[in-house]
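# Per-entry structural report
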Amino acid sequence: MTPPLRFQPADFEPISAGPPTAAPSRPSLSYWQDSWRRLRRNRRAFVSLAIVAALGVFAVAGPWIWPRDPAAQDVDQISQAPALPPTAAIVDPYTPWAGVTAEPPADGPRWEPASAGPSVTNLRLAEPATTQAVRLVWDGVEGAAGYVVYRSVYDPAPDRALGLPLGDTVGAARVSYEDRLDVEERRYWYSVVVLGEDSTERDAYATLVVEPVRAVSAEEAELRGWVADASRISPGDTIALPYHPLGTDYLGRDLLARLMHGARVSLFIGVVAPLLYVLAGIVVGSAAGFIGGRVDQLLMRFADFVVALPFLLFMILFKVAFGIGPGESGILPMLVALVLLSWPAAARLVRGQILQVRQEAYVAASRLLGAKTGYLVFRHMIPQTMGVILVTLTFAVPSAIFTEAFLSFIGMGVAPPTPSWGSMANEGIRTMLSHPHELLFPAFAISIAVLAFNLLGDGLRDALDVRMRGRE
Amino acid sequence: MDAQPAPRRDPVTRAAVRQLLVLGAVCVAVFAGLMAALAWASSITGGGSAVHRAIDFETRTITLVLEDEPPQLDSTRSTDAISFRILGHVMEGLIRYDASNDLVPGVAERWEIRPEGATFWLREDARWSDGRPVTAHDFVFAWRKVVDPANASEYAFILYPVRHAEAINTRTLPVEQLGVRAVSPRVLEVEFEGPVAFFDKLVAFGLYFPVREDFYESRGERYGADAVDLLYNGPFAMTRWVHGAHVRLEKNPHYWNRDTVQLNTIDMPYVTSDTTAAVNLFKDGSIASTGLGQEQLEEAMKLRWNLGRYVDGSVFYVDFNFRPERPTSNVHLRRALQLVNDSAELVNKVIALPGYQPGVSMFPGWLTGVEGPFRHEYPPPVVTPDHDKAREHLAIARQELGDIRPLVLLTDDSPIANKQAEYYQNLFQRTLGIEIRLDKQIFKQRLEKMTSGDFDMVAAGWGPDYADPLTYGDLYASWNGNNRGLYENPELDAQVRIAQSSLDPRTRMDAFGEIQRILIEDAVHLPAFERGRLFVQRPELRGVVRRTVGTDPDYTHAWLEETP
């Protein structure tokens, strides 16, 4: 049995405010400080953050550091793989040759197996071979209807694999040929075959190994801006050609410069579009979640409706509606279409979060204590949803980058010559087998950007999750 | 200071790696299984025919790839190369080309061409694929259809040498007035508008093929829309046409000259214009022949292929729009563009395909003049790139036009057209500061926009219809429907009239020389290139004829030979 309580007057004396019994042993951490600490611990996420920052620098500052025009065509270095800086010998300007270039015969040559017959002899160079022109002469065969000149980068022996038929000459006396077709600084096997009376080939052939020297004329070098003054260099000199660290594309455009300018387009869409539509999603979602009831129903059904709209169709419609003509950039309609059609996902997430937070006891307490709506939203609701919003944003960025790449890939995005990673990949895929670097670099850039943003989003989700607070 | 936890190299990581490896292996296995299942499924549904072999000696069948689907096969309305290639195998005109590109009797066994007209005597054994004879009336019906304005054939002008054809096509005369009639079922009488120097070459062209009236009427709108909606009189007949997927030609048992046709079946179960895909099919042994693009050259050399080459006769150029509201109607602007254009650089550096020749004129190098090559007899005026002079012309153009707005360059979306257009875009921007906007369209849409005049410049091309310079020479005549920029020059028109009506080769070639001079001096277009083609073909397939003019490639006289 409990004895009855007995109160003494001293029990009703206020206690004095003495010194605190125990001070916190460690500095207190705010939510953001704690999140940042955990993000830094997550090595994967932190590396991704560094990559994202580097991409930003690459896009913004890159074109200042590497000020090459991404549209400038260096036709002497088309589809060059990454290599050391090239040099070229200065030669006299190109002048038409008295010898023969190709003469297309009126009746095409008959494509039949070669028959036995004589070969041309004494195949030789009329003058030193340069990348400007390779000039061949040979001793003809009496009674020949003409000759065919072949070029290969492999030895034609032993199976008579002559390579590319460059052209024909008509008549037994036409014993010269000038090759200017994309001559590069590499080893070529030139072969000449006799065409018989019946316009079919003879099986014997003469071969000459040629290694052209890269050469330009002083005038051309000045015209292209490689040297300031043509009169100060003379044949025999060597000049440095423009250097392309990542090689060039199918029109001789510098891939590094194009990647940098492409990054601007890709990252612009990738960052601005999610920012705008996540913002729209926050507004709609918090309105729906906070007001609730009929407004909530209406807004969410509208969101469901927007989700059902086909993106590509709307993108095309916007393009038409904006009066974007052929050859003009489709980036603006892409942005508008992305913002107008992508907000519902963010809106749903925010609404769900708000609905949850609204039920919390501290919100109810705050309301009982007379907090106004604005205070409730900005003090309690938004900070509680911030984590969700940030994670949505970081996951929206790679998907927007990918959408831009896809649309530019199918030709709906930027207009040439403006590069974007997607359009560069589209251009590169045509030469995928012969010049893989044209596809690999933009594809690598897209992959890295998408992966980095995804991993960063992953890390952020862990870091911003309040339930993970204080844990490793 | 916070202590950094030691990096974890604990069993958890190892377990994760192991999991990852297992997962990867499972993925690969599932993928492989799926592929095998798909292959098995397709072999069942395909009924064994899914595996196409390039060449089958037993059934004398060859398998090929078709670049594109023909829009339809009504010969009176055809315009594109694919249609004419198929029509050339399943139809036959009065005269045809043989294996060595000479004109030989087709449905007509003999003919006589006079300055005022021509007579064709049809062979008795020419038959349609339903066994009924080909008569002179079938030609009269077809030719009337071509010029009938209600039929709206884009190629109607090719029949203009026939009396009243132009008047009928422009609705001034009824179609019955056309200068062609069947004297008897086997005699066709043609009246000319004026003398024609090359009528025998003309009648070999697809628009002059016969059409049988009762069959045409029985099919109505559907004539030429499907394999069963056509009647054939050529060496082959189409037995299968799955739109967009498969075309099969089989030997026509009723063809009068069937004994010379060696192949039984030409099967085209692939429709793709992608040369990479076609070359892969060739490598797999699925097709007997294919063309090559620039991307496949290295590989072709590496695989040590024996490559064939021929000139397909087409000339490519940039056309201007001469409608007065367009900046390109200004001659100084065109001169400026002409003076910076360097077709040798375009061909040698950018396109870089063997067989392509830098464009210098509307008249390609393979054309024959009076005796020798036309180009030797009438060398085109040489335009050397001169940037200073170009800027002078541009300054005058700026004075006359004010500021020059960005010009729209209409172009196809093929890889070569893309390169060409982007090359020009940079060239004109760099040298003249003129901004170019590219309007890339598919071939059909490009033609439509050309016809409606919706362009400033257009990268276009022209293939020969018949082996005479006139096939190029009349393109810029003010009345020609293919003069899409509406160029009008009485001086040029007069020369075209001379070339059309004269019979004297010298006079005609002089006229063409004049036309060539006007086209270059007035900067009517910018020549780009003359096209050559590279192809690779199975050595067992012999006797395929590649042509500059006429059906190309022509398998009519092809045969199969087992290589030793």
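Remember, predicted model here, so these are calculated numbers, not experimental data.

Okay, a nonpolar patch on the surface next. All names here are of chain A. A contiguous nonpolar surface patch, about 780 Å² in accessible area, is contributed by L312, I316, V320, F406, F409, I410, I429, M432 and L433. Those elements that provide at least two residues to the nonpolar patch are α7 (311-321) and α10 (373-409). Looking at the nonpolar patch element by element, the count peaks at three residues for α7. Structurally, the position occupied by M432 is in the loop between α11 (421-429) and α12 (437-464).

Think of two packed helices as two axes; the pair is described by the angle between the axes and how far apart they sit. Residues and elements named next belong to chain B. It is the contact of helix α9 (residues 331-340) with helix α12 (residues 387-401), at a shortest axis distance of 7 Å, that shows an interaxial angle of 160°. Considering the angle they form, α9 stands roughly antiparallel to α12. Considering the relative orientation of α9 and α12, their crossing is left-handed. Listed contacts from α12 to H332, L333, R335, A336, L339 and V340 of α9 are H387, K389, A390, H393, L394, I396, A397, E400 and L401. Residue composition of the contact of α9 with α12, grouped by class: nine nonpolar, three polar and three charged.

Moving on to the interface of chain A and chain B. On the side of chain B, 53 residues touch chain A, which itself brings 58 residues to the contact. Roughly 4,900 Å² of surface becomes buried between chain A and chain B when both sides are summed, with 53% attributable to carbon and sulfur atoms. Viewed at the interface, chain B and chain A are joined by six salt bridges. For D159 of chain A, the salt bridge identified is with R304 of chain B, shortest N-O distance 2.9 Å. Every element with two or more residues in the side of chain A that touches chain B is listed here: α1 (31-41), β4 (146-152) and β5 (164-170) of chain A. Of the residues that constitute the side of chain A that touches chain B, the class distribution is 30 nonpolar, seven polar and 21 charged.

Residue and element names in this part refer to chain B. By the element assignment, R85 lies in helix α2 (residues 81-90). Judged by relative accessible area, which is 15%, R85 ranks as buried. With near-sequence residues (within four places) excluded, R85 lies in contact with L66, E67, T551, D552 and P553.

Further remarks concern helix α10 (residues 343-351) of chain B. Residue and element names in this part refer to chain B. Counting buried residues along α10, eight of its nine residues qualify, which places the element largely inside the surrounding structure. Among all positions of α10, only S343, E345, L346, V347, N348, K349, V350 and I351 are buried. Buried residues along α10 sit against β14 (357-358), α13 (415-432) and β18 (525-537). Where α10 begins, one side-chain oxygen reaches toward the backbone nitrogen of A344, 3.2 Å away; that side chain belongs to D342. Note on α10: the residue one or two positions beyond its end, A352, has a positive phi of about 50°.

Our next topic: the environment of R41 of chain A. Among the structural elements, R41 of chain A can be located in helix α1. Residues R41 of chain A and A463 of chain A, spaced 422 residues apart in sequence, show a C-alpha to C-alpha distance of 9.4 Å.

Residue and element names in this part refer to chain B. Split by domain assignment, chain B resolves into domain 1 (81-220) and domain 2 (313-532). For domain 1 versus domain 2, the distance between C-alpha centres works out to 32 Å. Listed as interface residues are 14 residues of domain 1 and, on the opposing side, 15 residues of domain 2. Taking both sides of the interface into account, the surface hidden between domain 1 and domain 2 amounts to around 1,200 Å²; carbon and sulfur atoms contribute 60%. Of all residues in domain 1, the largest losses of buried area upon contact with domain 2 belong to F157, P195 and F198, amounting jointly to 40% of the total for that side. In this assembly, domain 1 and domain 2 are joined by one salt bridge. The partner of R484 in a salt bridge is E154, with the nearest N and O atoms 3.9 Å apart. If you look at where domain 1 meets domain 2, you find two residue pairs in polar contact (both at pLDDT 80 or more). The class makeup of the residues in the side of domain 1 that touches domain 2 is eleven nonpolar, no polar and three charged.

Following the criterion strictly, the structure yields 64 salt bridges over all chains and no others. One salt bridge in this structure joins E201 of chain A and R309 of chain B, with 3.5 Å as the shortest N-O distance. Residue E201 of chain A is located in strand β8 (residues 201-210), and its partner R309 of chain B is located in strand β13 (residues 307-320); the two belong to separate chains. Accessibility assignment for this pair places E201 of chain A and R309 of chain B in one class, buried. One salt bridge in this structure joins E422 of chain B and K440 of chain B, with 3.4 Å as the shortest N-O distance. Pair noted here: E422 of chain B is in helix α13 and K440 of chain B is in strand β16 (residues 436-441), with a separation of 18 residues, a long-range link.

The next point concerns the nonpolar core. One broad trend across soluble globular proteins is that nonpolar side chains are buried collectively. Formed by 190 residues in total, the largest nonpolar core has its most connected members in L94, F120, W143, L188, V190 and F199 of chain B. The leading source of residues in this core is helix α3 (residues 136-147) of chain B, at eight residues. With near-sequence residues (within four places) excluded, F120 of chain B lies in contact with L94, I95, A108, R110, W111, R186, V187, L188, V190, F199 and V203 of chain B. Grouped together as the second largest cluster of nonpolar side chains are 23 residues, V306, A347, V350 and V357 of chain A included.

Conventions used here
- Residues numbered from 1 in each chain as written.
- Chains lettered and ligands numbered in written order.
- Predicted model: local features only at pLDDT ≥ 70, side-chain atom pairs only at ≥ 80, totals over all residues.
- Heavy atoms only, no water.
- Patch = residues over 30% accessible without salt bridge, like charges linked within 9 Å, V, L, I, M, F, W, Y side chains within 5 Å.
- Areas by Shrake-Rupley, 256 points an atom, 1.4 Å probe, with all protein chains shown as cover.
- Salt bridge = Lys/Arg side-chain N within 4 Å of Asp/Glu carboxyl O.
- Helix = DSSP H or I, 4+ residues; strand = E, 2+ residues; numbered from the N terminus.
- Axes fitted to C-alpha atoms, helices over the stretch in contact; angles between N-to-C directions.
- Parallel < 35°, antiparallel > 145°, perpendicular 65-115°, else oblique.
- Left-handed = near helix turned anticlockwise from the far one by under 90°.
- Contact = heavy atoms within 4.5 Å.
- Nonpolar A, V, L, I, M, F, W, Y, C, P; charged D, E, K, R; others polar.
- Buried area = accessible area lost by both parts, 1.4 Å probe.
- Buried < 20%, exposed > 50% of the residue type's maximum accessible area, 1.4 Å probe, protein only.
- Polar contact = N/O pair within 3.5 Å; in protein donor to acceptor, adjacent residues only side chain to side chain.
- Domains from an automatic or database assignment.
- Core = buried A, V, L, I, M, F, W, Y, C linked by side-chain atoms within 4.5 Å.

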